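# Structural overview for review
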Amino acid sequence: MKTVKKSPDNMTFLEHLGDLRKRIFLAFISVIVAVIPCWFFAKDLFKILARPVTQFLPEGEKLVFTSLPGPFLLYMKTAFLAAVIFTSPFIFYQVWLFIAPGLYKKEKKYIFPFISFTTIFFLSGAAFAYFIVFPWACRFFLNLGSDFNPMITIDQYFSLALRMILGIALVFELPTIIFFLARMGIVTSKWMIKNFKYAVLAVYIIAAVITPTPDMINQSIVAVPMLILYAFSILIAFLVGKKKEKKNKKDDLAG
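### Notes on the overall build of the protein chain
The number of helices and strands found in the protein chain is ten helices and zero strands. For the protein chain, the spread of C-alpha atoms along the three principal axes comes to 75 × 40 × 25 Å. A burial count over the protein chain gives 38% of its 255 residues as buried. Only carbon and sulfur atoms are counted for the fraction: they give 71% of the accessible area of the protein chain, which is about 15,700 Å².

In structure tokens form, the structure reads like this:
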């Protein structure tokens, strides 16, 4: 006897909007709550965040601020950044709860893999940016301006760090996104291979936006891992497609 999958929950457009607002609100509240303990360690956290550039500064040199409330705002933003990173599993859980009504009953069992892999890839991307890309970019800038005395403001540095760390962290979510798109039949491995040349172009455009320097070396440091992730995503789409084909054949035989 052929089994019939339970269809996704039928929600109206307004119900989806209401659910989206709820998920954003809960994610925001979780970040706000996490900001409180992070604030008490904000100075130490910023020292860690500033290490990619301070390690290359001349001895005794520090970052500077140009407005009186500058340090306070900096530590507040640092606490927010840390809170977002620490609460990322809960944030991804809210993302899951938002998309879950559109999934079939059997697909909803992927909640733990979804949260696990989105968190792992997000943190891996942030670590890659912090330990590899950002120090390289800082050294490049400082070497290029070695004829001058560096006066790096805390606002400029934090904005750059935020863009690179969060930008690369989000890019690293590609395999998880492809998995679910492949599960829904929106993309296939053949389609991804066919459009590989466009993916390369898109990757370098994203790398140019994320990285602060226009040179190919710095862009390639970001682009190459992204292309590896794209290749890994092709493999994921292929495996998902194979599994769907086997299941469809099994269902046809059963019917």
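### Side note on the packing of aromatic side chains
Using the criterion set out here, one finds 15 aromatic pairs in the structure. With centroids separated by 5.6 Å and ring planes inclined at 75 degrees, the aromatic side chains of F92 and F122 adopt a geometry described as edge-to-face. Here F122 lies in helix α5 (residues 111-144) and F92 lies in helix α4 (residues 88-99), a separation of 30 residues in the sequence. Judged on exposure class, the residue F92 and its partner F122 are both buried. Between Y110 and F179, the aromatic rings sit 5.6 Å apart at their centres with planes inclined by 70 degrees, giving edge-to-face as the arrangement. Of this pair, Y110 sits in the loop between α4 and α5 while F179 is found in helix α7 (residues 174-183), placing the two residues 69 residues apart along the sequence. What makes F179 partly exposed here is its relative accessible area of 22%. Geometry around W136 places R139 over its ring, the cationic atom sitting 5.4 Å from the centre.

### Re the pattern of salt bridges
Two side chains carrying opposite charge are able to pair once their charged atoms lie near each other. Taken as a whole and judged by the stated rule, the model has two salt bridges. With a shortest N-O distance of 3.3 Å, D19 and R23 are connected by a salt bridge. Taken together, the positions of D19 and R23, both in helix α1 (residues 13-40) and four residues apart, correspond to about one turn of that helix. Each of the two residues, D19 as well as R23, counts as buried. One salt bridge connects D155 with K77, and the closest N-O pair in it is separated by 4.0 Å. Here D155 is found in helix α6 (residues 154-171), whereas its partner K77 is found in helix α3 (residues 70-86), with 78 residues between them in sequence. Judged by its relative accessible area of 30%, D155 falls in the partly exposed class.

### Things to note about the nonpolar core
Membership of the largest hydrophobic core comes to 44 residues, with the highest contact counts inside it found for F46, L49, L63, W96, V133, Y157 and I168. Elements that contribute at least two residues to this core include exactly α2 (42-54), α3, α4, α5, α6, α9 (196-210) and α10 (216-254). The element that contributes the greatest number of residues to this core is α5, accounting for eleven residues. Residue contacts for V133: discarding those within four places in its chain leaves F128, M164, I168, I221 and V222. Core analysis: the next-biggest nonpolar cluster, separate from the first, contains ten residues, I178, V187, A199 and I236 among them.

### Concerning the side chain of Q94
Along the chain, Q94 turns up in helix α4. Sequence-distant contacts of Q94, that is, excluding residues within four places in its chain, are made with R23, L26 and A27.

### Remarks on a nonpolar patch on the surface
There is a patch of nonpolar side chains on the surface, built from F25, F28, I29, I32, V33 and F80 and spanning about 530 Å² of accessible area. Here the nonpolar patch gets five residues from one element, more than from any other, and that element is α1. Examined against the element boundaries, V33 turns out to sit in helix α1.

### Here's the deal with the confidence of the model for the protein chain
Per-residue confidence for the protein chain gives a mean pLDDT of 88, with 92% of residues at or over 70. Looking across the protein chain, the model is least confident in α10, with a mean pLDDT of 82, and most confident in α3, with 97.

### Examining α9
Relative to the 21 Å expected for 15 residues at 1.5 Å per residue, α9 spans 21 Å between its end C-alpha atoms, a close match to the ideal helical length. Regarding α9, the residues found buried are A199, V203, A207 and I210. Summarising the axial view, the buried residues of α9 lie within an arc of 75 degrees, below the 170-degree limit, and thus occupy one face. Opposite the buried face of α9, by more than 90 degrees, sit the exposed residues K197, Y198, L201 and V209.

### Things to note about the environment of L166
Tracing the backbone through its elements, the reader meets L166 in helix α6. According to the relative accessible area criterion, L166 is partly exposed, its value standing at 23%. Along the backbone, L166 and L81 are 85 residues apart, and their C-alpha atoms lie at a distance of 9.0 Å. Contacts of L166, omitting those with residues within four sequence positions, involve L81 and F122.

How each quantity is defined
Residues numbered from 1 in each chain as written. Predicted model: local features only at pLDDT ≥ 70, side-chain atom pairs only at ≥ 80, totals over all residues. Heavy atoms only, no water. Helix = DSSP H or I, 4+ residues; strand = E, 2+ residues; numbered from the N terminus. Buried < 20%, exposed > 50% of the residue type's maximum accessible area, 1.4 Å probe, protein only. Areas by Shrake-Rupley, 256 points an atom, 1.4 Å probe, with all protein chains shown as cover. Phe/Tyr/Trp six-rings, centres within 6.5 Å; stacked < 30°, edge-to-face > 60°. Lys NZ or Arg CZ within 6 Å of the ring centre and 35° of its normal. Salt bridge = Lys/Arg side-chain N within 4 Å of Asp/Glu carboxyl O. Core = buried A, V, L, I, M, F, W, Y, C linked by side-chain atoms within 4.5 Å. Contact = heavy atoms within 4.5 Å. Patch = residues over 30% accessible without salt bridge, like charges linked within 9 Å, V, L, I, M, F, W, Y side chains within 5 Å. pLDDT = per-residue confidence, 0-100. Expected span 1.5 Å × (residues − 1). Arc of directions from axis to C-beta.

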